[in-house]
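Spelled out, the chains give:
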Amino acid sequence: MPGQVGIWAALVAVLAAGVTTGSPVLRSDWPVYGGFPQQVHLSYAGSASEMMVTWSTMNQTDSVVEYGEDGLNNTAKGSCVVFRDGGEEHRVQYIHRVKLTGLTPGHKYKYHCGSKEGGWSEVYTFTAMKDGTTWSPSFAAFGDMGKDNAQSLSRLREDTKRGLYDFIMHVGDFAYDMQDNGGETGNEFMRQIQSVAAYVPYMTCPGNHEGFGNFTNYKLRFNMPGDAGGENMFYSFNIGRAHVISFSTEYYFFIKYGLRQIKHQYDWLKKDLEEANKP
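In this convention, every chain numbers its residues from 1, walking through the sequence in written order. Only residues with pLDDT of at least 70 are given local features in this predicted model, and only at 80 or more are side-chain atom pairs given and counted; all residues enter the totals for whole chains, interfaces and linings. Processing note: side-chain calculations cover all non-hydrogen atoms of the structure and skip hydrogens and water entirely.

**Brief notes about the overall build of the protein chain**
Reasoning step 1: Within the protein chain one finds four helices and 18 strands.
Reasoning step 2: For the protein chain, the proportion of its 279 residues judged to be buried stands at 55%.
Reasoning step 3: Residue exposure ignores everything except the shown protein chains as possible cover, and the areas themselves are Shrake-Rupley values with a 1.4 Å probe. When the accessible surface of the protein chain is totalled, it reaches about 12600 Å², and 48% of it is carbon and sulfur. Runs of H or I in DSSP of at least four residues are treated as helices and runs of E of at least two as strands, each being numbered from the N terminus. Each residue gets one of three labels from its accessible area relative to the maximum for its type: buried under 20%, exposed over 50%, partly exposed in between, using a 1.4 Å probe on protein chains only.

**Focus on the side chain of glutamine 192**
Reasoning step 1: Within the fold, glutamine 192 resides in helix H2 (residues 184-197).
Reasoning step 2: Counted as a polar contact is a pair of N or O atoms within 3.5 Å, where, for protein atoms, one must be capable of donating a hydrogen and the other of accepting one, and residues adjacent in sequence contribute only when both atoms are in side chains. Side-chain polar atoms of glutamine 192 contact the backbone oxygen of lysine 147, separated by 3.1 Å.
Reasoning step 3: Only heavy atoms matter for contacts: two residues are in contact if any of them lie within 4.5 Å across the pair. The residues contacting glutamine 192, other than those within four sequence positions of it, are Gly146, Lys147, Leu153 and Arg157.

**Some points on the packing of helix H1 (residues 153-161) against H2**
Reasoning step 1: Between H1 and H2, the shortest axis-to-axis distance is 8 Å and the interhelical angle comes to 30°. On the basis of their axis angle, the class for H1 and H2 is roughly parallel. Touching Leu153, Leu156, Arg157 and Thr160 of H1 are Gln192, Ile193, Ser195 and Val196, all from H2.
Reasoning step 2: Of the residues in the contact of H1 with H2, the class split is four nonpolar, three polar and one charged. Angles here are taken between N-to-C directions and fall from 0 to 180 degrees, while the axes themselves are lines fitted to C-alpha atoms, restricted in helices to the stretch in contact. Reported orientations rely on four angle classes, namely roughly parallel under 35 degrees, roughly antiparallel over 145, roughly perpendicular from 65 to 115, and oblique for the rest. The classification used treats Ala, Val, Leu, Ile, Met, Phe, Trp, Tyr, Cys and Pro as nonpolar, Asp, Glu, Lys and Arg as charged, and all other residues, Gly among them, as polar.

**Focus: the nonpolar core**
Reasoning step 1: Here, nonpolar core refers to any group of buried Ala, Val, Leu, Ile, Met, Phe, Trp, Tyr and Cys residues whose side-chain atoms link them within 4.5 Å. One finds Met145, Ile168 and Tyr202 to be the most contacted residues of the largest nonpolar core, which totals 45 residues.
Reasoning step 2: Considering every element that reaches this core, the biggest residue donor is H2, with five residues.
Reasoning step 3: Filtering out sequence-adjacent residues up to four positions away, methionine 145 remains in contact with Ala150, Ser152, Leu153, Leu156, His170, Asp173, Phe174, Ala175, Tyr176, Phe189, Ile193 and Tyr202.
Reasoning step 4: Counting 18 residues, the second largest nonpolar core, distinct from the first, contains Val40, Val98, Leu100 and Leu103.

**Comments concerning the side chain of glutamine 179**
Reasoning step 1: As for its position among the elements, glutamine 179 is in the loop between strand S15 (174-175) and H2.
Reasoning step 2: Not counting the four nearest positions on each side in its chain, glutamine 179 is found in contact with Asp85, His209, Phe212 and Asn217.

**With respect to the sheet that holds strand S12 (residues 139-142)**
Reasoning step 1: What makes two strands pair is DSSP finding at least two bridges between them. Strand order in the open sheet formed by three strands is S12-S14-S16, and the pairing between neighbours is parallel. The sheet is open, and its two borders are formed by S12 and strand S16 (202-205), each paired with just one other strand. Each neighbouring strand pair of the sheet contributes to a mean axis angle of 15°, computed without reference to strand direction.
Reasoning step 2: Of the strand pairs in this sheet, strand S14 (residues 167-171) and S16 are connected by four bridges, and their pairing is parallel.

The structure is reproduced here in structure tokens:
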């Protein structure tokens with residue numbers, strides 16, 4: 001995994017960024033699921049009272065999540081973006097993002113996502129993040145997990161069912177590779193991790209295997225907290241006593257995508273560390 005560096009110690013450092021173009025071509029041999037939600041995954045939105053839900057559909061539909069502690073009594077709406085795969089076939093899907101707000105820290109919630117016209121996912125559960133700094137988070141950190149022979153996945157599923165993790169940190173190299181087979185390798189990988197990521201925040205950073213098309217698959221498939229303009233390539237969040245930082249060392253190996261992003265990330269990281277170290 002050349003070019004990928006992880007730094008862990010009350011800080012967690014990682015990697016990620018992309019844009020691609022091309023006219024959409026819908027293929028009849030692509031697995032058809034219309035407006036039905038697939039590839040459901042959570043990410044921490046940066047506040048204990050918030051959670052981000054992301055999923056994919058083949059057809060354009062509304063982006064809705066129904067959720068609650070005792071039932072699906074609350075409704076949140078979001079938006080979707082068109083993802084045109086950068087391969088020769090330019091396959092199209094719609095990636096939906098909805099932020100849940102007003103959560104009670106540490107409480108368990110039920111939810112499903114989708115729409116009336118496209119259908120609803122099954123009902124999943126998650127526990128809102130705890131608030132404050134008097135507790136220490138528990139998380140699993142790993143990298144290099146492909147679609148085939150993902151030996152860690154069964155253990156992650158079991159541990160997630162047991163409630164062992166507050167979040168997951170996947171530090172680069174997904175699916176091998178997400179853009180392969182017109183993006184279907186990425187689709188299958190996202191369907192596989194749904195058994196974990198639909199229940200616990202699945203936090204990410206990019207590795208060298210995500211570099212195709214200026215990291216487009218990575219940038220669009222995941223949604224990390226903050227608005228640093230890093231397109232999921234760099235971000236940070238506070239959880240318990242830890243300040244977690246994810247940044248991309250891949251910028252230094254994919255300079256064909258430009259040098260400005262290196263300076264942008266450096267300026268952001270400097271400011272973030274200054275803020276994190278204030279009394």
